[in-house]
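The lines below spell out each chain.
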Amino acid sequence: MVAFAFAALLFVTFGISARRDRRRFRNAVLLGLTGVALSFAVVLQVAALPGWLAVAALLLVLSVPTLGLVAAGGFLVANGVTMVRKEGTRLPNLLSLLAGLGIFAMIALLIFVGVADSAVLTGAVATLALVVGYVSFVFLSFVGYAFLYGRIKVRGDVDHVVMLGSGLIGGDRVPPLLASRLRKGQQIHDAQVARGGRPPVLLVSGGKGSDEKVSEARAMADWLIAQGAPAEHVRLEDRSRTTEENMLFSREIMEAQTPGYRCVVVTNNFHAFRAAMMARKAGVNGQVVGAPTARYFLPTATLREFVAVFWEHRRVNLAICGALTAFGALVSVAALLTF
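Presented here is an overview of the structure given in this document. Just so it is clear, the structure is predicted and the values come from calculations on it, not from any experiment. (Residues numbered from 1 in each chain as written. Predicted model: local features only at pLDDT ≥ 70, side-chain atom pairs only at ≥ 80, totals over all residues. Heavy atoms only, no water.)

**Some points on the packing of aromatic side chains**
Then comes step 1: In the structure shown here, the tally under the stated rule is 11 aromatic pairs.
Then comes step 2: Consider the rings of Phe14 and Tyr145, whose centres lie 6.0 Å apart with planes at 90°: the pair is edge-to-face. Taken as a pair, Phe14 in helix α1 (residues 2-20) and Tyr145 in helix α5 (residues 119-149) lie far apart in primary sequence, 131 residues in all.
Then comes step 3: Here the aromatic cluster, defined as three or more aromatic residues joined through ring pairs, consists of Phe11, Phe14, Phe25, Phe139, Phe142, Tyr145, Tyr149, Phe273, Phe306 and Phe310.
Then comes step 4: Just above the ring of Tyr296 sits the side chain of Lys86; from NZ or CZ to the centre is 4.5 Å.
Then comes step 5: Arg151 extends its terminal NZ or CZ atom over the ring of Phe147, reaching a point 4.3 Å from the ring centre. (Phe/Tyr/Trp six-rings, centres within 6.5 Å; stacked < 30°, edge-to-face > 60°. Helix = DSSP H or I, 4+ residues; strand = E, 2+ residues; numbered from the N terminus. Lys NZ or Arg CZ within 6 Å of the ring centre and 35° of its normal.)

If you want it as structure tokens, here you go:
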């Protein structure tokens, strides 16, 4: 019961942290630790079960992750092939395929170590497994909390609906991914007006790239107006070149127009949690909501977001990976000396 109490304590800590600010990455880590502690508590309870039931429970505990890992590898490989066929062979589009192949390579390596009689190889693979296990934990924590964060609904009236830009087709046309954001932002605007609230400003954010004929904000504004949005409700932020600048420059406009403003930021669903962390860092007063994305694009896009978040916290992550590598090496050396 002590193990369950520890899991409950972690869950309460997660709830308090998320209530204070939903946009912190530590919420994802606390959620992941809660899951690990709960799983550990369940495993400890197996010892108290009758023999046959304990064996069945252990088989269930071990088989679900194993089969899930194989299924995930197959899904990622299949999705990677789809991405290459539809989006091309640029490195970002290969992440899903590489992740799937990496899963199968790790499984094959573990099987090979099981039949090989090499203490050195066993130690090296065990060390690699520690690092991969940590990265997998962070990834699952990120995905789990990002899913929960994506369930946030817009409550009450807002002063601004900020829509983040992205690259244009042909230098002046809104692509489907960006149109999804604009459609979501317009829906929030229309819903607030329909329930009798004040019309929020539709703040489109995006500068002009070197390969674009107009700023992303200009193309986004034209798209919204063509779809029936009142031109007087649309405002442009056309200086930004990155998501961080989207947040900073949009905040400047909102603070100047409405001191004490409240906003909602719209991006695509796979980008919502990371954008929320950026909004918090930039001091933007508002949550982030996600617009729908093509299903085939989600796995690779989610992996790209995770890689970016992992690298943004690289000091902590690389330090932990380094410590795990050193620990694994020391254990391996000690085992060899003992042998």
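**What to know about a nonpolar patch on the surface**
Then comes step 1: Together, Leu91, Leu98 and Leu101 make up a nonpolar patch on the protein surface, roughly 300 Å² of accessible area in all.
Then comes step 2: Mapped onto the elements of the fold, Leu91 is located in the loop between α3 (51-87) and α4 (95-115). (Patch = residues over 30% accessible without salt bridge, like charges linked within 9 Å, V, L, I, M, F, W, Y side chains within 5 Å. Areas by Shrake-Rupley, 256 points an atom, 1.4 Å probe, with all protein chains shown as cover. Salt bridge = Lys/Arg side-chain N within 4 Å of Asp/Glu carboxyl O.)

**Describing helix α9 (residues 272-282)**
Then comes step 1: Counting buried positions along α9 yields nine of 11 residues, so the element is predominantly enclosed.
Then comes step 2: Phi turns positive, to about 80°, at Gly283, one or two residues after α9. (Buried < 20%, exposed > 50% of the residue type's maximum accessible area, 1.4 Å probe, protein only.)

**Looking at the pairing of strand β1 (residues 160-164)**
Then comes step 1: In terms of burial, β1 is largely enclosed, as five of its five residues are buried.
Then comes step 2: The alternating pattern of β1 places His160, Val162 and Leu164 on one face and Val161 and Met163 on the opposite face, and all of these are buried.
Then comes step 3: Across five bridges, the pairing between β1 and strand β2 (residues 201-205) is parallel. Pairing of Val162 across the sheet is with Leu203, part of β2.
Then comes step 4: As a crossover connection, the stretch from β1 through helix α6 (residues 176-194) into β2 is right-handed.
Then comes step 5: Across four bridges, β1 lies against strand β4 (residues 263-268) in parallel orientation. Across the sheet, the residue bridging to Met163 is Val266, located in β4. (Pairing = 2+ DSSP bridges. Right-handed = clockwise from strand over helix to strand, strands pointing away.)

**Considerations on the environment of Arg239**
Then comes step 1: In this structure, Arg239 sits in the loop between β3 (234-237) and α8 (243-257).
Then comes step 2: Under the relative-accessibility criterion, Arg239 is labelled partly exposed at 48%.
Then comes step 3: Counting along the chain gives 55 residues from Arg239 to Ala294, while the straight-line C-alpha distance between them is 28 Å.
Then comes step 4: Among all residues touching Arg239, those that are not within four sequence positions of it are Gly207, Glu245, Phe249 and Glu252.
Then comes step 5: Polar side-chain contacts of Arg239 include one of 3.0 Å to the side chain of Glu252. (Contact = heavy atoms within 4.5 Å. Polar contact = N/O pair within 3.5 Å; in protein donor to acceptor, adjacent residues only side chain to side chain.)

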